[in-house]
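Here's the letter readout for the chains.
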Amino acid sequence: MEERLQKVLARAGIASRRKAEEMISAGLVSVNGKILTTLGDKADPRRDRIVVQGRPLPPLAPPRHFLLYKPKGVVSTLSDPEGRPTVSDLLPRGGRRKNERLYPVGRLDFASEGLLLITNDGDLAYRVLRASSRLPKTYWVKVSGRPSEEHLAKLRRGIFLPPLRSAPAVRTAPAQVRWRPGKSGDPNPWLEIVLTEGRPNQIRRMMQAVGHRVEKLRRVQIGPLQAAGLQPGELRPLAPPELAALRAALRPGAAKRRSAPVTPAAAAPPGRGFSRSGSSGSGPTRGRARRAPRPAAQRAGASRAGAPGANARRDAPRFAAGRKPAPRQGRKPNRGSRSRPAPGRR
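Please read all numbers here as calculations on a predicted model, not as lab measurements.

> What is the right way to read the overall build of the chain from this model?
Tallying secondary structure elements over the chain gives ten helices and 17 strands in all. Expressed as a percentage of the 346 residues in the chain, the buried residues total 36%. The contacts in the chain between residues at least 6 apart in sequence include a share of 62% that link residues at least 24 apart. Surface exposure of the chain reaches about 22,100 Å², of which carbon and sulfur atoms provide 50%.

This is the structure we're talking about:
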């Protein structure tokens, strides 16, 4: 079966789909001896001979999917130039086919812990990382100091993040933010934050923007996937029902069917799509109450020529005597409307 070439490369674990597109555009991929540079070109990996940078494409390995609990102090990459521990040290060595490439989908920073999806399925990895999928990810966050409700409301609406050396300034999407169960009045509480986007160090930057430092951060859920007893450093294969639920969450339109992260009243400030009283209608009101519709009889009268309509009461006193209305006091009559004789007939 023919598929787009970048999809074939991603499924084979050569690179991500975006990186595969760059390789194709650069002329590094050939099919049956012909270099292809168009992103719409297709190939059948079972029938065609695909060569990438001078090396034949290895046979496609059956897709495999794992859930890993990354501990703190581990880099979410397959290699690290500084020699730090990586997730590749935690992946299974036995049972892997030759040239099979298992890799993490997304990242967690060095000081964070929690769930990572590990796979050789490039197509699934692309769909998980695609921004339009809006796959929710749940985090437990312990912060230094107790944020106010005003700060939490800012996080729920979306907050402006200043630029970093490796990340531009951006405004975050709305998020779910709530307290984790704990001791009442704890000076360093736990929060549960659900994001539908992934930006570099996003939660740490969000909390820093409202004046609080993150002490601990755990990712406890990726879409429908939960830890289910996984300990730091442990890895387990996804069960068929889990994989089916993940694919269902990534189908087109699934993001719209999911509930919104925050309520409309909390997400929109006054005057931007909702009335100041907090009630929402079927459309934007720009902060003003919607005008009540006119009675049906009045609308019908205004639509019929010669019938008393909306202007009948206003115009009745002015035209009752059958003459033109007098000019308003303090204004001179318009003399430009008088008829003048044609040139040469004066």
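> Even after reading the chapter, I still don't get unusual backbone geometry, so can you show me in this structure?
Negative phi values dominate among residues other than glycine, just as trans dominates among peptide bonds. Positive phi is not limited to glycine here, since N32 has a value of about 55°. Structurally, N32 is set in the loop between β2 (29-31) and β3 (34-35). The backbone of R134 shows a phi angle near 50°, a positive value even though the residue is not glycine. Take R134: it is sitting in the loop between α3 (122-129) and β10 (137-144).

> Explain the pairing of strand β14 (residues 190-195) to me, please; I cannot follow it from the model alone.
In terms of burial, β14 is largely enclosed, as five of its six residues are buried. Alignment of β10 against β14, held across six bridges, turns out to be antiparallel. Pairing of K142 across the sheet is with W190, part of β14. Note that strand β13 (residues 176-179) and β14 share four bridges and pair antiparallel. Pairing of Q176 across the sheet is with V194, part of β14.

> Explanation requested: the pattern of salt bridges in the structure shown.
A side chain of one charge can pair with a side chain of the opposite charge when the charged atoms of the two come close. Scanning all chains against the criterion turns up 15 salt bridges. In this structure, E242 and R236 form a salt bridge, with 2.9 Å as the shortest nitrogen-oxygen distance. Residue class for R236 comes out buried when judged on its relative accessible area of 17%. A single network of salt bridges, built from pairs that share partners, joins E2, R47 and D48.

> Which parts of the structure should I look at to understand the nonpolar core?
Residues Y139, V141, L155, I193, L195, I203 and M207 are the most contacted members of the largest nonpolar core, which totals 28 residues. Those elements that place two or more of their residues in this core are β7 (65-70), β9 (113-119), β10, α4 (149-157), β14, α5 (202-209) and β15 (213-222). Those residues in contact with I203 that sit more than four places away from it in its chain are Y139, V141, I193, L195, V214 and L217. By size, the runner-up hydrophobic cluster in this structure holds 19 residues, among which are Y103, V105, A227 and L243.

> What is the right way to look at α4 in this model?
If you check which residues of α4 are buried, you get L152, L155 and R156. Summarising the axial view, the buried residues of α4 lie within an arc of 100°, below the 170-degree limit, and thus occupy one face. Where α4 is buried, its residues meet β13, β14 and α5. Just downstream of α4, G158 is the residue with a positive phi angle, here 115°.

> How should I be thinking about the side chain of R236 in this particular structure?
Note that R236 resides in strand β17 (residues 235-237). A distance of 2.9 Å separates a polar atom in the side chain of R236 from a polar atom in the side chain of E242. When sequence neighbours within four positions are dropped, the list of residues in contact with R236 reads F66, L67, Q226, A227, A228, L230 and E242.

> What should I look at first to understand α5 in this one?
Within the sequence span of α5, burial applies to Q202, I203, R205, M206 and M207. Next to the buried residues of α5 lie β10, α4, β11 (160-161), β14 and β15.

> Hey, could you run me through the packing of aromatic side chains in this one?
Any pair of aromatic rings gets described here by the distance separating the centres and the angle formed by the planes. Per the stated rule, a full pass over the model turns up zero aromatic pairs. The side chain of R146 reaches across the aromatic face of W179, ending 4.3 Å from its centre. The ring of W140 is capped by R180, whose NZ or CZ atom sits 3.7 Å from the centre of that ring.

The rules we used
- Residues numbered from 1 in each chain as written.
- Predicted model: local features only at pLDDT ≥ 70, side-chain atom pairs only at ≥ 80, totals over all residues.
- Heavy atoms only, no water.
- Helix = DSSP H or I, 4+ residues; strand = E, 2+ residues; numbered from the N terminus.
- Buried < 20%, exposed > 50% of the residue type's maximum accessible area, 1.4 Å probe, protein only.
- Contact = heavy atoms within 4.5 Å.
- Areas by Shrake-Rupley, 256 points an atom, 1.4 Å probe, with all protein chains shown as cover.
- Pairing = 2+ DSSP bridges.
- Salt bridge = Lys/Arg side-chain N within 4 Å of Asp/Glu carboxyl O.
- Core = buried A, V, L, I, M, F, W, Y, C linked by side-chain atoms within 4.5 Å.
- Arc of directions from axis to C-beta.
- Polar contact = N/O pair within 3.5 Å; in protein donor to acceptor, adjacent residues only side chain to side chain.
- Phe/Tyr/Trp six-rings, centres within 6.5 Å; stacked < 30°, edge-to-face > 60°.
- Lys NZ or Arg CZ within 6 Å of the ring centre and 35° of its normal.

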